[in-house]
Amino acid sequence: TLLSSPLLLLPKPMASAFEAAPIAPRASLAGFTLHEVLSYSARCKTLSVVGRFADQPEGALSLLQFAQPGFDVTSPAALGALMSGSTTLEPVLMNDVYATFRGFVTTPPPSISVSLVSPCTPAHIAKHRAASKTIFRETPELYARATLPFIEAESPDRIAWVHNILARRKESERVILDEPCPETGFVLLPDLKWTQETMSELYVLGLSRASGIRTVRDLRADHLPLLRRLRDEATAAIASRFGVAACKILAFVHYFPSYLHFHVHYVHADNDGAGSEIAHAVPLADVVDNIERRSDHYAGATMTL
């Protein structure tokens, strides 16, 4: 199906009504009122909800995501028990409006991963809300007419957390590799969705230090040194750090990405719930090959989303 505009699928860029102050630690989920269950995946074992803590300003919302809960979260009783003061939190990391906790609950298993976005924006909510998917073809003309204005309207605040990592203000203890060159450098660190307990669920992010690359459509031949380093050096560093064969590591980029700063996803080949689905993920090796043959390949390509 060819849609008239990708804006039908993309939430409009909206800032929160509240200034995104650095997130504060929480000892538990006490005072949280559930507003909506956004999505639940039995296959990926994730639950996303939106609601409000009692100490938040009127109208402000928070988004919670629970990973690997291991128990029934579909009943009202189970949800009520999970999102209460009986679920205590141990901070793992905090960066801008994002935080990850180790949650301790009164029902087995004894601990789960809890991610918090507070305050969250309509774009955060839309990203986690379950929705029917539609495939469409984005021509260069459609990109210029609809998608590019969406990109240019995006608030820089949406990637403040990325700049915190690149400047080593946040999450420095988690960094696997930091290459400082402003043109070809990158920072490599585990994705928040990976607990680092199961190697088959390996998920690592590579954040480019080069500015001005928002999506794969911005890539040109000048970026090949960066792309080759992300393909070769980053993969080798992940394989060495975690004892995983390089042939088991899939590197890819998303189009359209969830945030507009060029980054690469690295997942274990056996990790089937890590966003590597067709029509969303583009293998990094293919990106390099295509740009080696034609510098503006992705500027002129019709992309399937």
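Structure: above.
This is a predicted model, so every value here is computed, not measured.

A. Spotlight on the pairing of strand β11 (residues 249-254). Summarising burial for β11: five of the six residues are buried, a large majority. Bridge count for β11 against strand β12 (residues 263-268) is four bridges, and the pairing is antiparallel. Along β12, the bridge assignment pairs A251 with Y266. One ladder, built from three bridges, connects β11 with strand β13 (residues 281-283); its direction is antiparallel. Across the sheet, the residue bridging to F252 is P283, located in β13.

B. Structural view of the nonpolar core. Ranked by internal contacts, the top residues of the largest apolar core, which has 68 residues, are L188, V204, L227, Y266 and V287. Considering each element in turn, this core owes the most residues, nine residues, to helix α5 (residues 224-242). Judged by nonpolar contacts, the second largest core, of 19 residues, contains V49, M83, I112 and V114.

C. Spatial organisation of the packing of aromatic side chains. Per the counting criterion, the structure on display carries six aromatic pairs. Relative to W161, the ring of Y98 lies with its centre 6.0 Å away and its plane at 65°, an arrangement referred to as edge-to-face. Taken together, the positions of Y98 in strand β5 (residues 98-104) and W161 in helix α4 (residues 160-166) put the pair 63 residues apart, joining distant regions of the chain. One exposure class covers both Y98 and W161, and it is buried. Where W194 meets F242, the ring centres are 5.0 Å apart and the plane angle is 70°; that geometry is what we call edge-to-face. Taken together, the residues span a long stretch of sequence, with W194 in the loop between β9 (186-190) and β10 (203-208) and F242 in helix α5 at a distance of 48 residues.

D. The arrangement of α5 in detail. The end-to-end C-alpha distance of α5 is 26 Å, a good match for the 27 Å that 19 residues give at a rise of 1.5 Å each. The sharpest bend along α5 measures roughly 30° and falls at L230. By the burial criterion, the buried members of α5 are L224, L226, L227, R229, L230, A234, T235, A237, I238, A239 and F242. Summarising the contacts, the buried residues of α5 are in contact with β8 (177-179), β9, β10, β11, β12 and α6 (284-293).

E. Geometry of empty space enclosed by the protein. For the coordinates displayed, the defined rule picks out two cavities of 30 Å³ or more. Space inside the largest cavity adds up to approximately 50 Å³. Around the largest cavity sit R214, T215, V216, V253, H254, P257, H261, F262 and H263, which together line it. Grouping the amino acids of the lining of the largest cavity by side-chain chemistry returns four nonpolar, four polar and one charged.

F. Region of the structure containing the environment of A239. Note on placement: A239 falls in helix α5. In this structure the C-alpha to C-alpha distance between A239 and I249, which are 10 residues apart in sequence, comes to 7.8 Å. When neighbours within four sequence positions are excluded, A239 is seen to be in contact with V244, A246 and I249.

What counts and how
- Residues numbered from 1 in each chain as written.
- Predicted model: local features only at pLDDT ≥ 70, side-chain atom pairs only at ≥ 80, totals over all residues.
- Heavy atoms only, no water.
- Buried < 20%, exposed > 50% of the residue type's maximum accessible area, 1.4 Å probe, protein only.
- Helix = DSSP H or I, 4+ residues; strand = E, 2+ residues; numbered from the N terminus.
- Pairing = 2+ DSSP bridges.
- Core = buried A, V, L, I, M, F, W, Y, C linked by side-chain atoms within 4.5 Å.
- Phe/Tyr/Trp six-rings, centres within 6.5 Å; stacked < 30°, edge-to-face > 60°.
- Expected span 1.5 Å × (residues − 1).
- Bend = angle between axes of the 7 residues up to and from the residue.
- Contact = heavy atoms within 4.5 Å.
- 1 Å grid on protein atoms, 1.4 Å probe; cavity = no way out; pocket = protein on both sides within 12 Å on 5 of 7 lines; lining within 4 Å.
- Points joined across faces, edges and corners; volume = space filled by probe spheres on them.
- Nonpolar A, V, L, I, M, F, W, Y, C, P; charged D, E, K, R; others polar.

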